[in-house]
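Coordinates in review
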Amino acid sequence: MKRLLACALIALLPAAALGQQTAPLTPIRIANLGYTDASALPVYAAQSGIFKKYGLDATVTTFNGGGAIIAAIAGGSLDAGFSNITSAVAAIQKGIPIMVVSAANLTAAGKADTLLMKARGSKLKTGADMNGKIIAVTTLGGTLQLGAETWIDKNGGDSKSVHFVELPTSDMAAAIKAGRIDAAMMSEPFLTEEKDDVEPLGDAFAAVAPEWISAVFVASKAWVTANPDAARRFVAAMHETARWANAHRPETAKILSPLSNVPLATFGAMERSNYTDQLTKALLQPGIDVAVRYGALKEPFDTGQIVTTLAPYNAK
């Protein structure tokens, strides 16, 4: 009886009295872009417990536009967030105090979750067939348009003759079916959900490079400078989440499905986003070179600067 009483008393003691005091978590405010697979690594890190494993108390917020994320980081209301690589470099070139800290996804030929789509049964086949046609993208001059322009020019067409218009991805299939546009750069889950009405014209992103990083997570330089250890832990957490998400598709689908209102069955059928724990010049430079070639960036940029700036914050 005395032994049981002693055990009960020990169980009631505070953790600190037993030498088990837990260090407080470091807060970080981070944004993803909608509840899309491509930008969902922070959501996966939060719900899988990976952020907490690295001592981070993450508040993940959803934004509808990448430009708003960069503006919020620059304004101090966010510490980190999602951006396509072109917008991130454009911000850096303008002197906005951000730095690239990890890859958001890895675009790979044959595993694309974004494709140039046409009406099912359409006779459009080559880049030359697209001369003078209308193509929808979510943002004029953005990464989707750059991919389409590259594919058209590499397949015998003249991208300068093409008319690009802005449309939400959710409206693209209907616009193609109605004949208001000839093609669109569409992403999952709509590639799968609208497959009865549209089919692939080309893997536009593969025309940029067989493998490249099209989107990244950027962080406030002020936050990184003030919290170097937390920045290292954040980078390590994102890398582990990238590896975990690649290997745990069913688990990530269960996390994202209720948030995105995309059925689990659709997740099972669609092409999922791929992730990488590597941030190298070889993976970053192709998208930047294309952006310069087509005027989305006014000046060339050596992405080796990104790798060098991040080096002190990569986990050893």
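Everything that follows concerns the structure shown earlier in this document.
Described in the following lines is the structure provided in the data block. (Residues numbered from 1 in each chain as written. Predicted model: local features only at pLDDT ≥ 70, side-chain atom pairs only at ≥ 80, totals over all residues. Heavy atoms only, no water.)

**Let's talk about helix α11 (residues 228–247)**
- Here α11 is 20 residues long and its end C-alpha atoms lie 29 Å apart, about the 28 Å a rise of 1.5 Å per residue gives.
- Regarding α11, the residues found buried are Ala230, Ala231, Phe234, Val235, Ala236, Ala237, Met238, His239, Glu240, Thr241, Ala242 and Ala245. (Helix = DSSP H or I, 4+ residues; strand = E, 2+ residues; numbered from the N terminus. Expected span 1.5 Å × (residues − 1). Buried < 20%, exposed > 50% of the residue type's maximum accessible area, 1.4 Å probe, protein only.)

**Some points on helix α2 (residues 41–48)**
- Listed as buried for α2 are Leu41, Pro42, Val43, Tyr44 and Ala45.
- Looking at the residues trailing α2, positive phi occurs at Gly49, about 90°.

**Section: the pattern of salt bridges**
- A complete count under the given rule lists eight salt bridges for this structure.
- A salt bridge links Arg272 to Asp37; the nearest nitrogen and oxygen atoms lie 2.7 Å apart. Placement of Arg272 in the loop between α13 (264–269) and α14 (281–293) and of Asp37 in the loop between β1 (26–33) and α2 is noted, with a sequence separation of 235 residues between them. The exposure classification of Arg272 matches that of Asp37, with both residues buried.
- Arg120 is the partner of Glu199 in a salt bridge, and the nearest nitrogen-oxygen pair spans 3.5 Å. Taken together, the residues Glu199 in strand β9 (residues 198–202) and Arg120 in the loop between β5 (114–119) and β6 (134–137) connect sequence positions 79 residues apart.
- On the basis of relative accessibility, which here comes to 45%, the residue Arg120 falls in the partly exposed class. (Salt bridge = Lys/Arg side-chain N within 4 Å of Asp/Glu carboxyl O.)

**Description of unusual backbone geometry**
- Here Glu188 and Pro189 are connected by a cis peptide whose omega angle stands at 5°.
- Here Pro189 lies in the loop between β8 (183–187) and α8 (190–193).
- Positioned with a positive phi, Asn261 is a non-glycine residue whose angle comes to about 65°.
- With respect to the element layout, Asn261 can be found in the loop between α12 (249–260) and α13.

**Some words on the pairing of β9**
- Burial within β9 is extensive, with four of its five residues counted as buried.
- Across four bridges, β5 lies against β9 in antiparallel orientation. When the bridges of β9 are listed, Leu116 appears paired with Gly202. (Pairing = 2+ DSSP bridges.)

**Thoughts on the nonpolar core**
- Formed by 85 residues in total, the largest nonpolar core has its most connected members in Val216, Phe234 and Leu279.
- Looking at this core element by element, the count peaks at eight residues for α11.
- Within the second largest apolar cluster, 13 residues are counted, among which are Ala112, Met117, Ala175 and Ala184. (Core = buried A, V, L, I, M, F, W, Y, C linked by side-chain atoms within 4.5 Å.)

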